[in-house]
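Okay, here's what each chain looks like letter by letter:
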Amino acid sequence: MSQISTLVEQGKFEEAIALDEAMLRGKDLFFRVSAYLSLGKGEEAMRFLLAHRDALFAEDPVLTLKANFEVRFLLKQFDEAEEDLTYFSSLPYVSQKVEEALRSLPSTIAATRYSSSNKGHDLEELLEMLSSPSDDLMLLSALNGLKKVGELEDYRGLVEELLVGPYHDDVKTYALMLLSAKGSTHPTKLVKRGKTYEVVPSRLGTPYGLPEYAYLRKKIDGIGDSSLRDVMGELLDLHALICYPERFLVPGEEEAYYRGLTALGHGYLGQKEGELDDAAKRYRDLIETLIKENPPLLG
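These remarks concern the structure in this document. This structure is a prediction, so every number in the text was calculated from the model and none was measured.

**A short note on the pattern of salt bridges**
Evaluation of the coordinates by the stated rule reveals 19 salt bridges. The partner of Asp60 in a salt bridge is Lys27, and the shortest N-O contact between them spans 2.9 Å. A residue pair is termed long-range when its members are at least 10 positions apart, and Asp60 in the loop between helix 5 (53–59) and helix 6 (61–74) and Lys27 in the loop between helix 2 (13–18) and helix 3 (28–38) qualify at 33 residues. Owing to a relative accessible area of 38%, Lys27 belongs among the partly exposed residues under this scheme. Across the pair Arg113 and Asp79 runs a salt bridge, and its minimum N-O distance is 3.2 Å. Of this pair, Arg113 sits in helix 8 (residues 96–116) while Asp79 sits in helix 7 (residues 78–89), placing them 34 residues apart in sequence. Assessed through its relative accessible area of 26%, Arg113 is described here as partly exposed. In this structure, a network of salt bridges that share partners links the residues Glu273, Lys281, Arg284 and Asp285.

Encoded structure:
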């Protein structure tokens, strides 16, 4: 074991960061980052990561990505995280595992930024966010906050306005799901993907409550390949949300859907899709096309 790894494991973090940087090689660099974080010195950890980024990446690219973005998130440096992603994405190909990590980062950055902005708002603040939104992410944050704050009639009208306004379809989807979860029996209109719906939210439920969704989710959760499992689960959720309030597949065609989804998941991972029957191919093409035409707000 190296000197710095021994010091870190013994909890002697001050001594670890006092070591001469010139002595550090390979994995020792990661122990220096760990020592900074253990002392609550996030800014110092980030400066060290940036100063030694190339050496860290050459030693362990996946661990470097993990450390870099976890520290960015800790410091709430989301714009800088976007810049880091551009940098890492420009580097030469290393491995499929690194490519998968990079592919997942845009949605992780967006979701973490969104989650960070969604803390500590009272009802008055949430209603102000709804009535004077600066962007779609603010609206998502407000809708999420309203799940546990205030009575439905305090904001039902404001949420209904979102359903027909010039907002991202994800905003409209989550607005409708909120009204459904709150049991709104008020007939309202939804304009989404160029279609107009007349809906009663309380009758809709959520796309995750459909029996076909539960069946597919159970099959996906049983997949041994974690990368394929994660990609297929994400694709399923995206497709279900895009289609809501319509059903995302024809009841009785779950197996064809699953085969098509599996093929698409392999394709996203750069793997061979395999031969498909016509029904499975139709679902694979449908899911792929809808997601490309309706990219999610959170990456």
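There's more to say after this.
**Quick look at the environment of Ser227**
For Ser227, the location among the structural elements is in helix 14 (residues 226–243). Separated by 52 residues in the primary sequence, Ser227 and Ala175 place their C-alpha atoms 31 Å from one another. Those residues in contact with Ser227 that sit more than four places away from it in its chain are Glu100 and Leu269. Polar side-chain contacts of Ser227 include one of 2.7 Å to the side chain of Glu100.

**A few points about the nonpolar core**
One finds Leu216, Ile220, Met232, Leu236, Phe248, Tyr257 and Leu261 to be the most contacted residues of the largest nonpolar core, which totals 26 residues. Of all the elements in the fold, those that place two or more residues in this core are helix 13 (211–221), helix 14, helix 15 (254–268) and helix 16 (278–293). Here the element with the most residues in this core is helix 14; it accounts for nine residues. Residues in contact with Met232, not counting those within four places in the same chain, are Ile220, Ile223, Tyr258, Leu261, Thr262 and Gly265. Grouped together as the second largest cluster of nonpolar side chains are 25 residues, Leu130, Leu152, Met177 and Leu178 included.

**Examining the side chain of Glu160**
Position of Glu160 relative to the elements: it lies in helix 11 (residues 156–162). Of note is the side chain of Glu160, whose polar atom sits 2.9 Å from the side chain of His186. Not counting residues within four places of it along the chain, the set of residues in contact with Glu160 comprises Leu179, His186 and Thr188.

**Concerning the pairing of strand 1 (residues 188–192)**
Only one face of strand 1 is covered, namely the one carrying Thr188, Leu190 and Lys192; the face carrying Lys189 and Val191 has none of its residues buried. In this structure, strand 1 lies alongside strand 2 (residues 195–199), joined through five bridges in antiparallel fashion. Within strand 2, the position partnered with Val191 by the bridge is Thr196. The antiparallel pairing of strand 1 with strand 2 creates a hairpin that spans two residues between the two strands, and Arg193 there sits at a positive phi of about 55°.

What counts, and at which threshold
Residues numbered from 1 in each chain as written. Predicted model: local features only at pLDDT ≥ 70, side-chain atom pairs only at ≥ 80, totals over all residues. Heavy atoms only, no water. Salt bridge = Lys/Arg side-chain N within 4 Å of Asp/Glu carboxyl O. Helix = DSSP H or I, 4+ residues; strand = E, 2+ residues; numbered from the N terminus. Buried < 20%, exposed > 50% of the residue type's maximum accessible area, 1.4 Å probe, protein only. Contact = heavy atoms within 4.5 Å. Polar contact = N/O pair within 3.5 Å; in protein donor to acceptor, adjacent residues only side chain to side chain. Core = buried A, V, L, I, M, F, W, Y, C linked by side-chain atoms within 4.5 Å. Pairing = 2+ DSSP bridges.

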